[in-house]
Amino acid sequence: MGCLISHLASKLAFFPPSPPTYSLKNSSDGKLAAVSTASSTPVADDGSLDVLLIDTKRGNKIVAFYLRNPCARLTLLYSHGNAVDLGQLFDLFVQIKANLRVNLIGYDYSGYGASTGKPSELNTYADIEAVYECLQTEYGVSQEDLILYGQSVGSGPTLHLAAKLPRLRGVVLHSAILSGLRVVCSSRFTLCCDIFKNVDKIQKVKCPVLVIHGTEDEVVNWFHGNGLWKMATDPYEPLWIKGGGHCNLELYPDYIRHLCKYVKEMENITTEIRLRSIRQKLRLPKRPHTAKPQCPEWQCRCSKCPEWQCKCPECGCICSCPKCWIPGCLKCLCWCN
């Protein structure tokens, strides 16, 4: 029964565009190119876009768009929402890349766009893991220089990967869900048949988490975003867009302004700053600065100055200035008169 409900939940969660808004073809230089199905023209006509076909561990081939920014210090891995594919998101990717000054990689889940397979929760997890591995091997991106971005359903694979990467630079949750079943029915408990159990993963994320949500979201209620923000271990200042819905937050000026602020702070963050922040949040006392303990016989001065005299803890002899060079107690190697 639980498996049946989980299957039904997956059916309700995924609505890939049909037909896809783009297709793949080989260009004259031997590289893959994405072509709009509506106009039969290339999605991009410059060299800033790499179209990738990536194998996943579940046997599917997924499409990814990698957009370069020569001024970038960080890379953003974008997991999109429902009912869209990369062909519809390319213009948004170009704007985000330029405004945030990041490299950006977005991908289509299995069964979306020109990706093979069928959409499912487990496939999305395998998809994002494959994209992250591609970033490591093909572009030399480490987790320290990576920000994960998840919109709506994309918050599921985003938090799945973020919970596994302890040195990740940051996470952005855009109109995110607490879990799949919580979108359609209010529940305080996580059922075994639920999907995208973000509510159980958010506390495992160790990097700063920015939550963006519209107050009038008609698909995923605002309390989902608020709940994730409250449960985050390292929550960043959230952005609650007044009057914002589920699919229009990018149209509000505060959206890109707040994202720019977040990315800039993530660029400047250091390990020392992160540790200090975590210590403050956990209210840990500062480590006292203590001098390295020294052997008592070497803390003495010349016996002519009584205030500097001390007794050897081993034999009780009077220790004095080593400058006298008069050997004394052989047991503790101090110097005596």
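Bear in mind the structure is a predicted one, so any value in this text is a computation, not a measurement. (Residues numbered from 1 in each chain as written. Predicted model: local features only at pLDDT ≥ 70, side-chain atom pairs only at ≥ 80, totals over all residues. Heavy atoms only, no water.)

### Concerning the sheet that holds strand 7 (residues 146-151)
Thought 1: Sheet architecture is open: 8 strands sit in the order 3-4-6-5-7-8-9-10, paired in mixed fashion. If you trace the sheet from one side to the other, it starts and ends with strand 3 (49-55) and strand 10 (239-241), each paired once. The average undirected angle you get between the axes of adjacent strands in this sheet is 15°.
Thought 2: In this structure, strand 4 (residues 61-67) lies alongside strand 6 (residues 103-107), joined through 4 bridges in antiparallel fashion. Bridge pairing in strand 6 links Phe-65 to Gly-106. (Pairing = 2+ DSSP bridges. Helix = DSSP H or I, 4+ residues; strand = E, 2+ residues; numbered from the N terminus. Axes fitted to C-alpha atoms, helices over the stretch in contact; angles between N-to-C directions.)

### A few points about the packing of aromatic side chains
Thought 1: Tallying each qualifying case throughout the model produces 12 aromatic pairs.
Thought 2: With 6.3 Å between their ring centres and 80° between their planes, Phe-65 and Phe-90 make a pair best called edge-to-face. Of this pair, Phe-65 sits in strand 4 while Phe-90 sits in helix 2 (residues 86-100), placing them 25 residues apart in sequence. Side by side, Phe-65 and Phe-90 carry an identical accessibility label, which is buried.
Thought 3: Ring centres of Tyr-66 and Tyr-139 lie 3.8 Å apart, and the angle between their planes is 15°; this geometry places the pair in the stacked category. Here Tyr-139 lies in helix 3 (residues 121-139) and Tyr-66 lies in strand 4, a separation of 73 residues in the sequence.
Thought 4: According to the relative accessible area criterion, Tyr-66 is buried, its value standing at 4%.
Thought 5: A relative accessible area of 22% means that Tyr-139 is categorised as partly exposed.
Thought 6: An aromatic cluster of three or more residues is present, and its members are Phe-14, Tyr-125 and Phe-196. (Phe/Tyr/Trp six-rings, centres within 6.5 Å; stacked < 30°, edge-to-face > 60°. Buried < 20%, exposed > 50% of the residue type's maximum accessible area, 1.4 Å probe, protein only.)

### A short note on the packing of helix 2 against helix 8 (residues 253-268)
Thought 1: One can describe the packing of helix 2 onto helix 8 by two numbers: an axis separation of 10 Å at closest approach and a directional angle of 50°. The angle between helix 2 and helix 8 falls in the class oblique. Here helix 2 and helix 8 pass one another in a crossing that is right-handed. Where helix 2 abuts helix 8, its residues Ile-96, Asn-99 and Leu-100 lie against Tyr-255, Ile-256, Leu-259, Cys-260 and Val-263.
Thought 2: Classifying every residue of the contact of helix 2 with helix 8 gives 7 nonpolar, 1 polar and no charged. (Parallel < 35°, antiparallel > 145°, perpendicular 65-115°, else oblique. Left-handed = near helix turned anticlockwise from the far one by under 90°. Contact = heavy atoms within 4.5 Å. Nonpolar A, V, L, I, M, F, W, Y, C, P; charged D, E, K, R; others polar.)

### Quick notes on the nonpolar core
Thought 1: Of all hydrophobic cores here, the largest spans 44 residues; its most connected members are Leu-77, Val-171 and Leu-173.
Thought 2: For this core, the secondary-structure elements that each account for two or more residues are strand 3, strand 4, strand 6, helix 3, strand 7, helix 4 (155-162), strand 8 (170-174) and strand 9 (209-214).
Thought 3: Examining the composition of this core, we find that 7 residues originate from one element, helix 3, more than from any other.
Thought 4: Setting aside its immediate chain neighbours within four residues, Leu-173 contacts Gly-150, Ser-155, Thr-158, Leu-159, Ile-202, Val-209, Leu-210, Val-211, Ile-212 and Leu-228.
Thought 5: By size, the runner-up hydrophobic cluster in this structure holds 35 residues, among which are Tyr-78, Leu-92, Leu-239 and Ile-241. (Core = buried A, V, L, I, M, F, W, Y, C linked by side-chain atoms within 4.5 Å.)

### A word on helix 4
Thought 1: Where burial is concerned, most of helix 4 is hidden: 8 out of the 8 residues are buried.
Thought 2: Packed against the buried residues of helix 4 are strand 5 (75-79), strand 6, helix 3, strand 7, strand 8 and helix 6 (198-201).

### As for the environment of Leu-32
Thought 1: Structurally, Leu-32 can be placed in strand 2 (residues 32-36).
Thought 2: Placed 21 residues apart in sequence, Leu-32 and Leu-53 show a C-alpha to C-alpha distance of 8.3 Å.
Thought 3: Non-local contacts of Leu-32, meaning those with residues more than four positions away in its chain, are made with Leu-24, Lys-25, Asn-26, Val-51, Leu-52 and Leu-53.

### Concerning the pairing of strand 2
Thought 1: For strand 2, the buried fraction is high: 4 of the 5 residues fall into the buried class.
Thought 2: Relative to strand 2, strand 1 (residues 22-26) runs antiparallel, the two sharing 5 bridges. The partner of Lys-25 across the bridge, within strand 2, is Ala-33.
Thought 3: The hairpin formed by strand 1 and strand 2 contains 5 residues between the paired strands, and Gly-30 there has a positive phi angle of roughly 90°.

### Here we look at the pattern of salt bridges
Thought 1: Scanning all chains against the criterion turns up 9 salt bridges.
Thought 2: A salt bridge links Asp-50 to Arg-68; its shortest N-O distance comes to 2.8 Å. Placement of the pair is Asp-50 in strand 3 and Arg-68 in the loop between strand 4 and strand 5, with a sequence separation of 18 residues.
Thought 3: A salt bridge links Arg-169 to Asp-145; its shortest N-O distance comes to 3.5 Å. (Salt bridge = Lys/Arg side-chain N within 4 Å of Asp/Glu carboxyl O.)

### Comments concerning the pairing of strand 3
Thought 1: Within strand 3, 5 of the 7 residues are buried, which leaves it mostly tucked inside the rest of the structure.
Thought 2: With 7 bridges joining them, strand 3 and strand 4 adopt antiparallel strand pairing. Bridge pairing in strand 4 places Val-51 opposite Phe-65.
Thought 3: A loop of 5 residues connects strand 3 with strand 4, the two strands running antiparallel in sequence, and Gly-59 in this loop sits at a positive phi of about 85°.

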